Amino acid sequence: MSADIDRTNPPTSDTVTKAVIPVAGLGTRFLPATKATPKEMLPIVDKPAIQYVVEEAVQSGLHDVLMITGRNKRSIEDHFDRAHELEEALAAKGEEDRLRSVRASNDLAQVHYVRQGEPRGLGHAVLCAEAHVGESPFAVLLGDDLIESADLLCRMIEVRQRHGGSVVALMEVEPEQVSLYGCAAVEPTEEEDVVTVTDLVEKPSPEEAPSRWAIIGRYVCDPAVFPILRHTPPGRGGEIQLTDALLELARAKPEEGGGVHGVLLRGRRYDTGNKADYIRTVVDFAFRRPELAEELLPWLREFVDRQDAVDHG
Ligand code: G1P
């Protein structure tokens, strides 16, 4: 991790250059696979899920990545570091493609790490980034959400540069799904894909939900979120919630770093946070590789036919 910033000479830059990725979760939904392996390292075809997220940050212009880690996460650090022995072995065998794929993850970004210490929620994880981030706006990317293209985060950064404040990514979900997400009340702006956020509720019941607009795991936060997080009491699930701090920012004045906009998701988003969605994501990503699709499609058709025969026979 970088040294604490010098408060007597704070950075003045208002550009977003840093990405914060919380990876301290225990991954209990994937036990026993996640007993000794972080859930972020589970492969989506042949790349760990976390690499797609770092690639998205880099494609959005964020080359400085801070991971908020916990115990048992060493393999994430190893993945984004050089693997000299492996590289030498591949080079000696002339396996250039594999060598390139091994080097890709350590050449990707400047990756830093800080430990969360205790699992006190997403808001607390983000607060752990304060010393590294300093006084500039920054992005937060949650590893359970894979977003098809970096256009969404690029657009969020652009909205931040124009309007100041913070920005969340929003997706419309079915009423029975709102309780899985932070949920936002919104008002339209002159831009079709940008809204002003007027209220936020973390994981509301369908009756409490102010809308069907769900926060997905991409944020651009004003550094004013840090002092707020320091006094945000535990909320839903007894955890310090980023959503609660953002609500306070939505109600704060622009000169206090307040104001929250929402950018509506246009492309696709893949969830890797539970088993069924994870498997869907793996299949979807596999079928985007022509060489795999060719081999898998006939098998999948046959498999479905066989299942149908079992179900109806
Ligand atoms: C977190 C946030 C929630 C957001 C969600 C997006 O919840 O607290 O507001 O909607 O990520 O994936 P989690 O899924 O980590 O419980």
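Residues numbered from 1 in each chain as written. Predicted model: local features only at pLDDT ≥ 70, side-chain atom pairs only at ≥ 80, totals over all residues. Heavy atoms only, no water.

Draft legend 1. Main features of the pairing of strand β11 (residues 213–221). With 9 of 9 residues buried, β11 lies mostly within the body of the structure. Examined bridge by bridge, strand β6 (residues 138–141) and β11 share 4 bridges and lie antiparallel to one another. If you follow alanine 139 over to β11, its bridge partner there is valine 220. Bridge count for strand β8 (residues 166–172) against β11 is 6 bridges, and the pairing is antiparallel. Within β11, the residue paired with leucine 170 across the bridge is isoleucine 215. The pairing of strand β9 (residues 182–188) with β11 spans 2 bridges and is classified as antiparallel. Pairing of cysteine 183 across the sheet is with alanine 214, part of β11. (Buried < 20%, exposed > 50% of the residue type's maximum accessible area, 1.4 Å probe, protein only. Helix = DSSP H or I, 4+ residues; strand = E, 2+ residues; numbered from the N terminus. Pairing = 2+ DSSP bridges.)

Draft legend 2. A look at the site of the ligand. The local shell around the ligand consists of Leu122, Leu142, Asp145, Tyr181, Gly182, Glu202, Lys203, Ile215, Gly217, Tyr219, Gln241 and Thr243. Here an oxygen atom of the ligand sits 3.0 Å away from a polar atom, N or O, in the side chain of aspartate 145. In the environment of the ligand, an oxygen atom lies 2.9 Å from a nitrogen or oxygen atom belonging to the backbone of glycine 182. Summarising the interface, the protein chains cover 76% of the accessible area of the ligand, which totals 380 Å² for the free molecule. Counting residues per element, the shell around the ligand draws most heavily on β11, at 3 residues. (Near = heavy atom within 4 Å. Polar contact = N/O pair within 3.5 Å; in protein donor to acceptor, adjacent residues only side chain to side chain. Areas by Shrake-Rupley, 256 points an atom, 1.4 Å probe, with all protein chains shown as cover.)

Draft legend 3. Geometry of the packing of aromatic side chains. By the definition in use, this model includes 5 aromatic pairs. Arranged with centres 5.1 Å apart and planes meeting at 0 degrees, the rings of phenylalanine 138 and phenylalanine 226 form a pair that is stacked. Here phenylalanine 138, found in strand β6, pairs with phenylalanine 226, found in helix α8 (residues 225–231); they are 88 residues apart in sequence, far enough to count as distant. This pair shows no difference in class: phenylalanine 138 is buried, exactly as phenylalanine 226 is. Note on tyrosine 270 and phenylalanine 285: the rings are 5.0 Å apart at their centroids and 80 degrees apart in plane angle, and the pair reads as edge-to-face. A residue pair is termed long-range when its members are at least 10 positions apart, and tyrosine 270 in strand β13 (residues 269–271) and phenylalanine 285 in helix α10 (residues 275–287) qualify at 15 residues. In this structure, tyrosine 270 and phenylalanine 285 share a single accessibility class: buried. The rings of Tyr52, Tyr270 and Phe285 are connected pair by pair, giving a single aromatic cluster. (Phe/Tyr/Trp six-rings, centres within 6.5 Å; stacked < 30°, edge-to-face > 60°.)

That's the geometry; what it means functionally is another story.
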